Amino acid sequence: MSARPLIGISTYAESGVRWGVWRLDAALLPAGYPRLVQRAGGLAAMLPPDAPEQAAATVARLDGLVVAGGPDVEPVRYGAEPDPRTGPPARARDAWELALIEAALDRGVPLLGICRGMQLLNVALGGTLVQHIDGHAEEPGAFGHHPVKPAPGTRYADIVPEQTSVPTYHHQSVDRLGTDLIPSAYAEDGTVEAIELPAPAWALGVQWHPEMGTDVRVMRALIKATQPRTAGSRASPSV
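All of these numbers come straight from a predicted model, not from anything done at the bench.

We now examine the packing of aromatic side chains. On inspection of all chains with the given rule, the structure shows two aromatic pairs. Considering the side-chain rings of Tyr156 and Trp208, the 5.5 Å spacing of their centres and the 65° angle between planes classify their relative orientation as edge-to-face. Taken as a pair, Tyr156 in helix α5 (residues 155-159) and Trp208 in the loop between β13 (203-206) and α6 (217-225) lie far apart in primary sequence, 52 residues in all. Both residues of the pair, Tyr156 and Trp208, belong to the buried class. Of note, Arg93 hangs over the ring of Tyr12, and the distance from its end group to the ring centre comes to 4.7 Å.

What follows deals with the sheet that holds strand β9 (residues 164-168). As summarised here, the arrangement of the nine strands in space is β4-β1-β5-β6-β13-β12-β11-β8-β9, forming an open sheet in which the pairing is mixed. The strands lining the two open edges of the sheet, one partner per strand, are β4 (43-47) and β9. On average, adjacent strands in this sheet sit at an angle of 25° to one another, irrespective of strand direction. Pairing geometry for strand β6 (residues 111-114) and β13, over four bridges, is parallel. Bridging across to β13, Ile114 finds its partner in Val206. Packing of helix α1 (residues 32-39) onto the sheet brings it into contact with β1 (6-10), β4 and β6, and relative to β1 it is tilted by some 160°.

Take the pattern of salt bridges next. This model, assessed by the stated rule, comprises seven salt bridges. Across the pair Arg91 and Glu74 runs a salt bridge whose closest N-O atoms are separated by 3.0 Å. Within this pair, whereas Arg91 is found in helix α3 (residues 91-107), its partner Glu74 is found in the loop between β5 (64-67) and α3, the two being separated by 17 residues in sequence. Assessed through its relative accessible area of 14%, Glu74 is described here as buried. For the salt bridge of Asp215 with Arg217, the shortest nitrogen-to-oxygen distance reads 2.8 Å. Using a relative accessible area of 32% as the deciding quantity, one classes Asp215 as partly exposed.

Residues Trp19, Val21, Trp22 and Leu24 make up a contiguous nonpolar surface patch of about 480 Å² in total accessible area. Following the sequence through the fold, Trp19 ends up in strand β2 (residues 12-19).

Burial within β1 is extensive, with four of its five residues counted as buried. As paired strands, β1 and β4 are joined by five bridges and run parallel to one another. Opposite Leu6, over in β4, you have Leu43 as the bridge partner. The pairing of β1 with β5 spans three bridges and is parallel. Among the inter-strand pairings, Ile9 is bridged to a residue of β5, identified as Val66.

Structurally, Thr191 can be placed in the loop between β11 (182-187) and β12 (192-196). Within the local environment of Thr191, its side chain forms a polar contact with the side chain of Asp189, the two groups lying 2.8 Å apart. Aside from chain neighbours lying at most four places away, what touches Thr191 is Ile133, His136, His170, Ser173, Ala185 and Tyr186.

It is worth spelling out α1 at this point. Those residues of α1 lying buried are Gly32, Tyr33, Pro34, Leu36 and Val37. Tucked into the core, α1 has its buried residues touching β1, β4, β6 and α6. Among the residues trailing α1, Gly41 stands out with phi positive, at a value near 105°.

Residues with a pLDDT of 70 or more make up 95% of the chain, whose mean pLDDT is 93. Here residues 233-239 is a poorly scored stretch, pLDDT under 50, and it has eleven contacts once near neighbours within four places are set aside; other chains count.

Thresholds, definitions, all that
- Residues numbered from 1 in each chain as written.
- Predicted model: local features only at pLDDT ≥ 70, side-chain atom pairs only at ≥ 80, totals over all residues.
- Heavy atoms only, no water.
- Phe/Tyr/Trp six-rings, centres within 6.5 Å; stacked < 30°, edge-to-face > 60°.
- Helix = DSSP H or I, 4+ residues; strand = E, 2+ residues; numbered from the N terminus.
- Buried < 20%, exposed > 50% of the residue type's maximum accessible area, 1.4 Å probe, protein only.
- Lys NZ or Arg CZ within 6 Å of the ring centre and 35° of its normal.
- Pairing = 2+ DSSP bridges.
- Axes fitted to C-alpha atoms, helices over the stretch in contact; angles between N-to-C directions.
- Contact = heavy atoms within 4.5 Å.
- Salt bridge = Lys/Arg side-chain N within 4 Å of Asp/Glu carboxyl O.
- Patch = residues over 30% accessible without salt bridge, like charges linked within 9 Å, V, L, I, M, F, W, Y side chains within 5 Å.
- Areas by Shrake-Rupley, 256 points an atom, 1.4 Å probe, with all protein chains shown as cover.
- Polar contact = N/O pair within 3.5 Å; in protein donor to acceptor, adjacent residues only side chain to side chain.
- pLDDT = per-residue confidence, 0-100.

So this is what it looks like as structure tokens:
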């Protein structure tokens, strides 16, 4: 049996998390993320926030990278003042995930950004965000659904050619696109719901939460994109 590709997933870092008799700081991730990787044929590895200078060596050990959903990106990262409706910053996570994205793009490691991860991919490439939109988060703590339509001729349209209903929970969105990024799916209200880099890069961001649904095609596409790396020897990180 061939080895499953190793897919790193960025995580939350939260204080005072409770489970059983414990209340401790924790690196955590909703179980839907590793389950989606596993269902698509990958091996999931959690990547809690670390020193940004460790990102290149970390990504060198991976076959693919998923930047997960989470808190709002701090507006200073894209040159904006915070809107009153923007959430509190997660500076350590911003710094770590931006470094992971940069390392993945530099090394040609396939990259999937989910919700916050899509927004951070856009920011990493010089784009900006709309700090609040209505209609994409129905009630606190509950995922909604709405249709997204692929843009013809894009990688996402090759993966999912038809309009689909997707699990969604976000109140921010892409504004100005980052360098070389193209929109590859839209909501009915015109919100950009997926972005990607053109080939030969494999970098895709989706604004919705595939880990909360049953459609594994996007994750399977990431796994498939790792095959040229897994077929040969993965480069060893510098020591």
